[in-house]
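Here is how the chains run, residue by residue.
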Amino acid sequence: MTNEGTTLYLGAFVDELVRSGLKHIVVSPGSRSTPIAILAAEHPELKVWIQIDERSAAFFALGLAKSSRQAVALLCTSGTAAANYYPAIAEANLSRVPLIVLTADRPHELRDVGAPQTIDQLGMYGSHVKWFMEMPLPEKSPAMLRHARVMASRAVMTSQSAPRGVVHLNFPLREPLLPDIEHPQLYNSERTSGTSYTSIYAAKAGLDAHELNKLADALIEAERGLIICGPHDDPALAPLIVELAERLGYPIVADPLSQLRNGAHSKQLVIDSYDSFLRVEAVKEELVPDVLLRFGAMPVSKPLLQYMNKHTEARHIVIDEAGWRDPTLLISDRVLAEPITLCEQLNDWLTQHDTNRRAADSSWLKRWQQVQLTTAQVLSEAAEKEYNSELFEGTAVAELQQLMQDGSTLFVGNSMPIRDVDSFWRNDARSIRVMANRGANGIDGLVSTAMGISALEEGTVLLLGDLSFYHDLNGLLGAKLHQLNITIVVINNDGGGIFSFLPQAGMDKHFELLFGTPIGLDYEHAAKLYDGAFTRAGSWEQFRAAFIEAQQAGGLHIIEIPTTRAMNVTHHRGIWPVLEQRLQQLKG
């Protein structure tokens, strides 16, 4: 038995999602979501990805949305299925990734009466979504069909408008749940043309002439200016920031997720080793800025944050089109503008005023470049050093950078891997896209997110720790179901390596139980479970051979690099005295 009202209302909704630009929907199987799932699968212009575990599905959708830079829909049945979306929704909200969450629900008469598979789904994601709508019970009246289309269009628009984020639509559905996929008006009810029901025109915000003059004057008057670029993923921004830096004579502190360390643009002013040299107190005291001009979210580096907190007298200007991202609490000027538009405005202003005065001869800029060069040499030496058969985790990053191909993508896990990438990933002329989940910074869902990225990006590599890998082993199913090509590099130090760098490492009595958390798993069995290949690399020669083989063969490849937590701390901390000595010699 089918339901015409359900068929036409939900058919109109799904169709309007597609007309508004949606291309992907991730579905976890369930009963109550049946009509939406079938209508999505039936639509010729919508790609359906099946992920059985809802937590994995949500992170898979996150990866698709990050990779495509477009909204992706998620669909699940009623009950606790929707609750499993929560971690990925929090990450998407904080990292400004557009997701459209569609949760099926029991009709109103079955709520709060003990009906099975029923929980309170109204506004269940709280402030982590931009917009929530409890949808009506489906009807086929013209007014309701228009409502379905308007809500679909609004959902796509809201998720993709600044700041990008998550919308949640909750659908109460009565039985019968089967739609009539042979209905002649399945997707064209209340349609008179092939365009979307509502056209969206988005203006990119910049500054008016008066405010632009004030900002530009402040920047050119500063003798010691610094551009700080945090996570940002628009490929058009990097060359514009480089042009701005060249005109102002400012060095650029470039987070590995800023996309400024990689690509064809000039790297002459791009500083990639600041996380190391800003640990040296003398350097922090010497490099006193007048102006800090920040684009994007806060960078990963804690030493950079400490540097900013040390120089509170500097004018701290943040460029961000929406929201408030300032854990330093030091913002003196908040510029509500789209970063690309503002860079274009500033570069045009500086061109018109023939301002290019300090890029070549600034002692401030030259000092940053000298410190950068010396630090990069020390870090390269550390990565190349032999450690008595011990594999150093920093070397893994350097090896990966050498092996990855132009046009490939690196997705980096949280805790130590992203910090090692910050330290050891050097400026590179190749276009390697570096991504991570740095909204909520969790270690959950990393495998699934990388799977979503690999669905759209060839040459995807995931670098993560063993606990992060364990946290999301379910995500490996995506590679098997969808025949994805992905290389996963697991740094296995048998526990939470980052805790060895924190003060609690000195509490021997409880450290291993509460923080070290060794789990002693053999991940070769996980690879076999999901039809993947597995290599445990005992040397860098074995790692290189396994990586090259993985890239050539395709499919799922897991390469484990066994390391030791205690020795890794020793190797990391051995770098800083050497660096401090070299920098003292440089100054002398």
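Look up a bit, the structure's there.
All values reported here derive from a predicted model rather than from experimental measurement. (Residues numbered from 1 in each chain as written. Predicted model: local features only at pLDDT ≥ 70, side-chain atom pairs only at ≥ 80, totals over all residues. Heavy atoms only, no water.)

### Section: the overall build of the protein chain
What counts, and what does not: Helix numbering and strand numbering both begin at the N terminus, where a helix is a DSSP run of H or I of at least 4 residues and a strand a DSSP run of E of at least 2. In this description the radius of gyration comes from C-alpha coordinates, and the expected globular size is given by 2.2 Å times residues to the power 0.38. Partly exposed describes any residue whose relative accessible area lies between the buried limit of under 20% and the exposed limit of over 50%, with all areas from a 1.4 Å probe on protein chains only and scaled to the type maximum. In this description, contact between two residues means that some pair of their heavy atoms is separated by no more than 4.5 Å. Shrake-Rupley sampling with a 1.4 Å probe provides the accessible areas, and residues are treated as covered by the protein chains on show and by no other component.
Regarding its fold elements, the protein chain presents 22 helices and 18 strands. The C-alpha radius of gyration of the protein chain comes to 26 Å, within 12% of the 25 Å expected for a compact globule of 588 residues. Overall, the C-alpha framework of the protein chain stretches about 85 × 60 × 45 Å when taken along its three principal axes. Burial status across the protein chain gives 57% buried among its 588 residues. For the protein chain, restricting intrachain contacts to residue pairs at least 6 apart in sequence, the fraction spanning at least 24 positions comes to 79%. Total accessible area on the protein chain is roughly 23,500 Å²; 52% of this is exposed by carbon and sulfur atoms.

### Considerations on the sheet that holds strand 12 (residues 333–335)
Cut-off, in case you're wondering: For two strands to pair, DSSP has to find at least two bridges joining them. Under this scheme, a helix contributes an axis fitted over its contacting stretch, all axes are lines through C-alpha atoms, and angles between N-to-C directions fall in the 0 to 180 degree range.
Pairing is parallel across the open sheet formed by six strands, whose spatial order is 9-8-7-10-11-12. Bordering the open sheet on either side are strand 9 (270–271) and strand 12, each of which pairs with just one other strand. The pairing of strand 10 (residues 291–295) with strand 11 (residues 315–319) spans five bridges and is parallel. When the sheet's bridge partners are listed, phenylalanine 295 is paired in strand 11 with isoleucine 319. Against the sheet, helix 11 (residues 302–310) contacts strand 7 (225–229), strand 8 (252–254), strand 10 and strand 11, and its axis sits at roughly 140° relative to strand 7.

### A look at the pattern of salt bridges
Here is the rule: The salt bridge definition used is simple: a Lys or Arg side-chain nitrogen within 4 Å of an Asp or Glu carboxyl oxygen.
For the structure on display, the rule yields 30 salt bridges. Close ionic contact of arginine 111 with glutamate 134 constitutes a salt bridge, the shortest N to O distance being 2.9 Å. Of this pair, arginine 111 sits in the loop between strand 4 (99–105) and strand 5 (131–134) while glutamate 134 sits in strand 5, and the two are 23 residues apart along the sequence. With a relative accessible area of 22%, glutamate 134 lands in the partly exposed category. Here arginine 433 and glutamate 457 are joined by a salt bridge, their closest N and O atoms 3.1 Å apart. Pair noted here: arginine 433 is in strand 14 (residues 433–436) and glutamate 457 is in the loop between helix 16 (446–454) and strand 15 (460–465), with a separation of 24 residues, a long-range link. Under the relative-accessibility criterion, arginine 433 is labelled buried at 10%. Taken together, the shared-partner salt bridges connect Asp15, Glu16, Arg19 and Arg149 into one network.

### Focus on the side chain of histidine 316
Mapping histidine 316 onto the fold places it in strand 11. Of the residues examined, histidine 316 reaches a relative accessible area of 1% and is grouped as buried.

### As for the sheet that holds strand 1 (residues 24–27)
The sheet built from six strands is open, its strands ordered 2-1-3-4-6-5 with parallel pairing. Either end of the sheet is taken by a strand with one partner, and the two such strands are strand 2 (47–50) and strand 5. Strand-to-strand twist in this sheet, taken as the mean axis angle between neighbours without regard to direction, amounts to 20°. By the bridge criterion, seven bridges tie strand 4 to strand 6 (residues 166–172) in an arrangement that is parallel. In the strand pairing of strand 6, aspartate 105 is matched with proline 172. Sheet strands in contact with helix 3 (residues 54–68) are strand 1, strand 2, strand 3 (72–76) and strand 4, and its direction is about 170° off that of strand 3.

### What to know about the nonpolar core
Note the following rule: Remark: nonpolar core denotes a set of buried residues (Ala, Val, Leu, Ile, Met, Phe, Trp, Tyr, Cys) joined through side-chain atoms within 4.5 Å.
Within the largest apolar cluster, 57 residues are counted, with the highest numbers of intra-cluster contacts made by Phe277, Tyr307, Trp368, Leu400 and Phe543. The leading source of residues in this core is helix 13 (residues 363–384), at seven residues. Residue contacts for tyrosine 307: discarding those within four places in its chain leaves Leu226, Leu278, Lys284, Leu287, Pro289, Trp364 and Trp368. Core analysis: the second largest hydrophobic core is formed by 51 residues, Leu64, Ala81, Tyr85 and Met451 among them.

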